[in-house]
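Overview (structure and organization)
This is what each chain is made of:
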Amino acid sequence: MATYAIGDVQGCFDELQALLRRIGFDPAHDRLWFVGDLVNRGPKSLEVLRFVHELGERAVVVLGNHDLHLITQHEGFERKRKDDTFDDVLGAPDAKALIDWLRTRPLMHVERNWAMVHAGLLPGWTISKAFSLGKEVQAALAADNYRDFLANLYGSRPARWDDALAGWDRLRVIVNAMTRMRFCTPEGAMEFQSTGIEPPAGHQAWYDLRQDEKPLLFGHWSALGLKLSERFAGLDTGCVWGGPLTALRLEDRWLAQVPSPGYKPIKEGR
């Protein structure tokens, strides 16, 4: 049995299928971990969602910012953006079932020697603490009043964590760190405007500020590309922009990639 972590798919269904052939994925024995952003900007978000959903317990998915954007748009809290490409999902007869399933995915997964999150973790968060905080968000998204949370989800304030935070502010900071963050200050103040690799003044890449030694998988940062070390693995290699789609076998860190023609010009931003 093997476990493969896969970078941001973003609706690139054909590349996902090619990657699974490349790694020799055996659904009877192997498992797939997805670092978030299953949907949007690529051409086949519906096919991706249906395929991963049908994998059942053979697939582990953490929520990414594009996944949350799909959920909030389906629930009427977000306007369509010009580069959205998930109308196929919104118009599907099984849209509600798929989005309800997606909504109840976790923000963070921890198993054996690895942890996984879409974007990053704040400097003061251990894996154990972050996992517990992620559970708070997962519970809010699965609750009967989940729409109240979605109505208060968006915004960049507060910009940093405080253990005393409560209510929507508390949940919003957790979501922003785990699905949107690239840079923060050593004190944990997040910055959301920069998408490249050069940090704004006074900020650093979040992974350079980590104190926990447990290896962490993440995506979200296509400009960064493949980023591997003993302590983390950044797997968003920009499939939707023309980069490869990447899988990392967790048992021995064997790497596999397949090419993509790209579906969005890089100048549109990442």
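Structural data are supplied above this passage.
So, here's what we can say about the structure. Computed from a prediction, not measured in an experiment: that's the story for all the values here.

Section: the overall build of the protein chain
In terms of helices and strands, the protein chain carries eight helices and 13 strands. In terms of its C-alpha atoms, the protein chain occupies a principal-axis envelope of roughly 45 × 40 × 40 Å. Restricting to contacts in the protein chain with at least 6 residues of sequence separation, those with at least 24 account for 66%. In the structure as shown, the protein chain presents an accessible area of about 11,200 Å², 49% of it carried by carbon and sulfur atoms. Counting 33 positive and 36 negative side-chain charges, the protein chain places the averaged centre of each group 2 Å from the other.

Re the pairing of strand β12 (residues 245–249)
With respect to burial, β12 is a largely interior element, four of its five residues being buried. In the sheet, strand β1 (residues 3–6) pairs with β12 via three bridges, with the strands oriented antiparallel. Considered in β12, the bridge of Ala5 is made with Leu248. The pairing of β12 with strand β13 (residues 254–258) spans five bridges and is classified as antiparallel. Across the sheet, residue Arg249 finds its bridge partner in β13, namely Trp254.

Here we look at the sheet that holds β1
Sheet architecture is open: five strands sit in the order β3-β2-β1-β12-β13, paired in mixed fashion. A strand with exactly one partner marks an edge of an open sheet, and here the two such strands are β3 (59–61) and β13. Taking the axes of each pair of neighbouring strands and ignoring which way they run, one obtains an average angle of 20 degrees across the sheet. Each of β1, β2 (31–34), β12 and β13 touches helix α1 (residues 13–23); the most contacted strand, β13, lies at about 140 degrees to it.

Here we look at the packing of helix α3 (residues 65–74) against helix α5 (residues 95–103)
Running from N to C, α3 and α5 cross one another at 130 degrees; their axes reach a closest spacing of 10 Å. The pairing of α3 with α5 is recorded here as oblique in orientation. The crossing of α3 and α5 is left-handed. Residues Asp67, Leu70, Ile71 and His74 of α3 pack against Lys96, Ile99, Leu102 and Arg103 of α5. For the contact of α3 with α5, a count of residues per class yields four nonpolar, one polar and three charged.

A look at α3
Counting buried residues along α3, eight of its ten residues qualify, which places the element largely inside the surrounding structure. Along α3, the residues classified as buried are His66, Asp67, Leu68, His69, Leu70, Ile71, Thr72 and Gln73. Tucked inside the fold, the buried residues of α3 contact α2 (45–54), α4 (87–90), α5, α6 (127–142), α7 (146–151) and α8 (167–179). Gly76 sits one or two residues past α3 and shows a positive phi near 85 degrees.

Some thoughts on the environment of Glu47
Assignment of secondary structure puts Glu47 in helix α2. Take Glu47: its relative accessible area is 34%, and that puts it in the partly exposed class. Placed 162 residues apart in sequence, Glu47 and Leu209 show a C-alpha to C-alpha distance of 37 Å. When residues no more than four places from it in sequence are discounted, the contact partners of Glu47 are Phe13 and Asp88.

Rules used throughout
Residues numbered from 1 in each chain as written. Predicted model: local features only at pLDDT ≥ 70, side-chain atom pairs only at ≥ 80, totals over all residues. Heavy atoms only, no water. Helix = DSSP H or I, 4+ residues; strand = E, 2+ residues; numbered from the N terminus. Contact = heavy atoms within 4.5 Å. Areas by Shrake-Rupley, 256 points an atom, 1.4 Å probe, with all protein chains shown as cover. Lys, Arg positive; Asp, Glu negative; His and termini not counted. Charge placed at Lys NZ, Arg CZ, Asp CG, Glu CD. Buried < 20%, exposed > 50% of the residue type's maximum accessible area, 1.4 Å probe, protein only. Pairing = 2+ DSSP bridges. Axes fitted to C-alpha atoms, helices over the stretch in contact; angles between N-to-C directions. Parallel < 35°, antiparallel > 145°, perpendicular 65-115°, else oblique. Left-handed = near helix turned anticlockwise from the far one by under 90°. Nonpolar A, V, L, I, M, F, W, Y, C, P; charged D, E, K, R; others polar.

Taken by themselves, the reported measurements are silent on function.
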